[in-house]
Amino acid sequence: MHRIGYVIEEIIEPSNMEASFDRVLRGTKRKRSREGRYLLAHRKEVVAELSCKIADGTFRVTGYREREVFEGGKLRRIQVLNMKNRIAVHAVMAVVDKHLKRRFIRTTSASIKGRGVHDLLAYIRRDLMEDPDNTRYCYKFDITKFYESIKPDFIMYCVGRIFKDKKLISILEGFVHMMPEGISIGLRSSQGLGNLLLSVFLDHYLKDRYGVRHFYRYCDDGVVLGKTKAELWKIRDVVHSQMALADLKVKGNERVFPVGEGIDFLGYVIYGSDHVRIRKRIKKNFARKLHEVKSRRRRRELVASFYGMAKHADCNMLFKKITGKEMKSFKDLNVAYKPEDGKKRFPGTVVSIRELVNLPIIVKDFETGIKTEQGEDRCIVSIEQNGESKKFFTNSEEMKNILAQVREMPDGFPFETTIKTETFGKGRTKYVFT
């Protein structure tokens, strides 16, 4: 397996360090805090100090406080770092996560950029629709106390299979050994490294060794779809044996059942590709919060959050019943961006008119009085070529005159044409519609 080196150099790139600083110091509350004001006042010195420590591999996470949060029906103890440490951890993991993402299977999600709940839900619904024969039954499992049970040595074994940069490995080892047992729930690195552990010990094993086609994982929750129960019970044994190799255990509430009973996963209950409901606990919690909250602003925030989940399920009536509002699609609102200058904005890439000569195109619309580097009163023409939207600029009075005449016709746009070149005067060339 090809291992990646020279990662430290990517991490200490000024653009990455500055972006990490801005990411951690986002929000008015953080900027106005005592620590935030100090960091902003000494930005250059802080970035330089952290870059130096990361560059020589001596950066270590020092000092954290713990707080309790109630999340997903569970009471969790979260470790919180000071903002200076968080800047360095974010800088390291921004690059590490980028490299790790390439090694993950496509149907694993959680704490992976661009792969959230609804991305994975869309994959499950697609597979249920396109392959109904091989998605009749479901095996659902969860890992017991995942972050608290992880052994740091197993994490470092997986890290060593991906990276060969010794300084980076030393820094990551400091991250995973921060806690006496398990790995920190609140540390920025834990999600990515936890995903890496399961990717090595479970995901690729099921996909590559056993050829499991329909496997989906969100953090420590997994779902496998199959044709028969017998097939899924065999996969269940493989999952148990692989988790035992990593010294992890599967919860006793695992099940093999028909998909028609509903797959409780990702905050939804999935009955099929065209039938998805929101999990009952989420509905009840939202209704209770909405009833208790008096602030209009907070109510709007809650409604918007619930809408973000409800729009991906069959919940129009539920949404109206709880919120008293109709759930609308953006296209039903009939609103569009209106530029201050009143000029139209056309989609597609800008091409040179020379590239369109002797090629069939569809002219869709135009706008005049556009200021460009070549002049002020230019005309931009919106076209379609081979099904792709494009646009070009022209200063041809003849073209502008023809387009203006077409606009006056009831059904003038769109129209098909071909652009030709004609020679006039002393060897001059003009472009015309034919």
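Each remark here, short or long, concerns the structure printed above.
Residues numbered from 1 in each chain as written. Predicted model: local features only at pLDDT ≥ 70, side-chain atom pairs only at ≥ 80, totals over all residues. Heavy atoms only, no water.

Hey, could you run me through the overall build of the protein chain in this one?
Along the protein chain, the regular secondary structure elements total 17 helices and 16 strands. Taken over the C-alpha trace, the protein chain has a radius of gyration of 29 Å; the compact-globule value for 434 residues is 22 Å, which it surpasses by more than 25%. Taken along its principal axes, the extent of the C-alpha atoms in the protein chain is 85 × 60 × 55 Å. As displayed, the protein chain has an accessible area near 25,000 Å², and 49% of this comes from carbon and sulfur atoms. Charge-centre separation for the protein chain: the mean point of 85 positive side chains lies 5 Å from the mean point of 56 negative side chains. (Helix = DSSP H or I, 4+ residues; strand = E, 2+ residues; numbered from the N terminus. Rg over C-alpha atoms; globule rule 2.2 N^0.38 Å. Areas by Shrake-Rupley, 256 points an atom, 1.4 Å probe, with all protein chains shown as cover. Lys, Arg positive; Asp, Glu negative; His and termini not counted. Charge placed at Lys NZ, Arg CZ, Asp CG, Glu CD.)

Explain the environment of Ser149 to me, please; I cannot follow it from the model alone.
Structurally, Ser149 is set in helix α8 (residues 146-149). Exposure remark for Ser149: the relative accessible area of 22% places this residue in the partly exposed category. With 231 residues separating them along the chain, Ser149 and Ile380 place their C-alpha atoms 62 Å apart. Those residues in contact with Ser149 that sit more than four places away from it in its chain are Thr144, Asp247 and Leu248. (Buried < 20%, exposed > 50% of the residue type's maximum accessible area, 1.4 Å probe, protein only. Contact = heavy atoms within 4.5 Å.)

What is the right way to read helix α6 (residues 83-101) from this model?
A rise of 1.5 Å per residue sets the reference length of α6, with its 19 residues, at 27 Å; its end C-alpha atoms lie 26 Å apart and thus fit the reference within 8%. Of all 19 residues in α6, 14 are buried; the element is thus mostly enclosed. (Expected span 1.5 Å × (residues − 1).)

Please clarify how unusual backbone geometry should be interpreted in this entry.
With the exception of glycine, the majority of residues adopt a negative phi angle, and the majority of peptide bonds are in the trans configuration. Omega for the peptide link from Phe413 to Pro414 comes to -5°, which places this bond in the cis form. Here Pro414 lies in the loop between α17 (397-408) and β15 (415-424). For Ser111, which is not a glycine, the phi torsion comes out positive at approximately 60°. The backbone phi angle of Leu266 is positive, close to 65°, even though this residue is not glycine. As for its position among the elements, Leu266 is in the loop between β8 (263-265) and β9 (268-272).

Help me understand the sheet that holds β15, please; the structure alone is not making it clear to me.
Strand pairing in a sheet relies on backbone hydrogen bonds. The paired strands run either parallel or antiparallel. Read from one edge of the open sheet, six strands run β11-β14-β13-β12-β15-β16, paired in mixed fashion. Taken across any chain shown, the strands that pair with only one partner, and hence form the sheet edges, are β11 (349-350) and β16 (428-433). By the bridge criterion, seven bridges tie strand β13 (residues 375-385) to strand β14 (residues 388-394) in an arrangement that is antiparallel. The partner of Ser382 across the bridge, within β14, is Lys391. Here α17 sits on the sheet in contact with β12 (360-372), β13, β14, β15 and β16, set at roughly 10° to β16. (Pairing = 2+ DSSP bridges. Axes fitted to C-alpha atoms, helices over the stretch in contact; angles between N-to-C directions.)

Please clarify how the state of the cysteines should be interpreted in this entry.
Going through the model one piece at a time under the given rule, you end up with zero disulfides. Summary of cysteine pairing: Cys158 is not part of a disulfide, and the nearest cysteine sulfur, belonging to Cys219, is at 15 Å. (Disulfide = S-S within 2.5 Å.)

What should I look at first to understand the packing of aromatic side chains in this one?
Each pair of aromatic rings is reported with the distance of its centres and the angle of its planes. As enumerated under the stated definition, the model contains twelve aromatic pairs in all. Judged by centre distance (6.1 Å) and plane angle (55°), the ring pair of Tyr157 and Phe201 falls under tilted. Of this pair, Tyr157 sits in helix α9 (residues 152-162) while Phe201 sits in helix α11 (residues 188-209), and the two are 44 residues apart along the sequence. On the basis of relative accessible area, Phe201 is assigned to the buried category, the value being 10%. Among the aromatic residues, those joined into a cluster by ring pairs are Phe286, Phe306, Tyr307 and Phe319. (Phe/Tyr/Trp six-rings, centres within 6.5 Å; stacked < 30°, edge-to-face > 60°.)

What is the right way to look at a positive patch on the surface in this model?
Taken together, the side chains of Lys280, Lys284, Arg288 and Lys289 make up a positively charged region of the molecular surface. Take Lys284: it is sitting in helix α13 (residues 280-292). On the basis of relative accessible area, Lys284 is assigned to the exposed category, the value being 52%. (Patch = residues over 30% accessible without salt bridge, like charges linked within 9 Å, V, L, I, M, F, W, Y side chains within 5 Å. Salt bridge = Lys/Arg side-chain N within 4 Å of Asp/Glu carboxyl O.)

For this particular structure, what's the right way to read helix α10 (residues 166-176)?
One full turn of an α-helix is made of 3.6 residues, so residues set three or four places apart face in the same direction. Restricting attention to buried positions, one finds in α10 the residues Leu168, Ile171, Leu172, Phe175 and Val176. Down the axis of α10, the buried side of the element spans an arc of 140°, and every buried residue falls inside it. Taken together, the buried residues of α10 touch α1 (7-11), α5 (43-55), α6, α9 and α11. (Arc of directions from axis to C-beta.)

Would you mind showing me how to read the packing of α13 against helix α15 (residues 316-323) here?
For any two helices packed against each other, one specifies the inter-axial angle together with the distance between the axes. For the pair α13 and α15, interaxial distance at closest approach is 10 Å and the crossing angle is 25°. Here α15 runs roughly parallel to α13, going by the angle between their axes. Crossing of α13 over α15 shows right-handed handedness. For the pair α13 and α15, the contacting residues are Lys283, Phe286, Ala287 and Leu290 in the first and Leu318, Ile322 and Thr323 in the second. Residue composition of the contact of α13 with α15, grouped by class: five nonpolar, one polar and one charged. (Parallel < 35°, antiparallel > 145°, perpendicular 65-115°, else oblique. Left-handed = near helix turned anticlockwise from the far one by under 90°. Nonpolar A, V, L, I, M, F, W, Y, C, P; charged D, E, K, R; others polar.)

Just checking my understanding: could you explain the sheet that holds β8 for this structure?
Taken in spatial order, the three strands line up as β8-β9-β10 in an open sheet, and their pairing is antiparallel. Looking at which strands have only one partner, the edges of the open sheet turn out to be β8 and β10 (275-278). Each neighbouring strand pair of the sheet contributes to a mean axis angle of 25°, computed without reference to strand direction. Relative to β9, β8 runs antiparallel, the two being bridged by three bridges. Counted as the bridge partner of Ile263 is Ile270 from β9. The strands touched by helix α7 (residues 117-130) are β8, β9 and β10; relative to β9, the strand with the most contacts, the crossing angle is about 15°.

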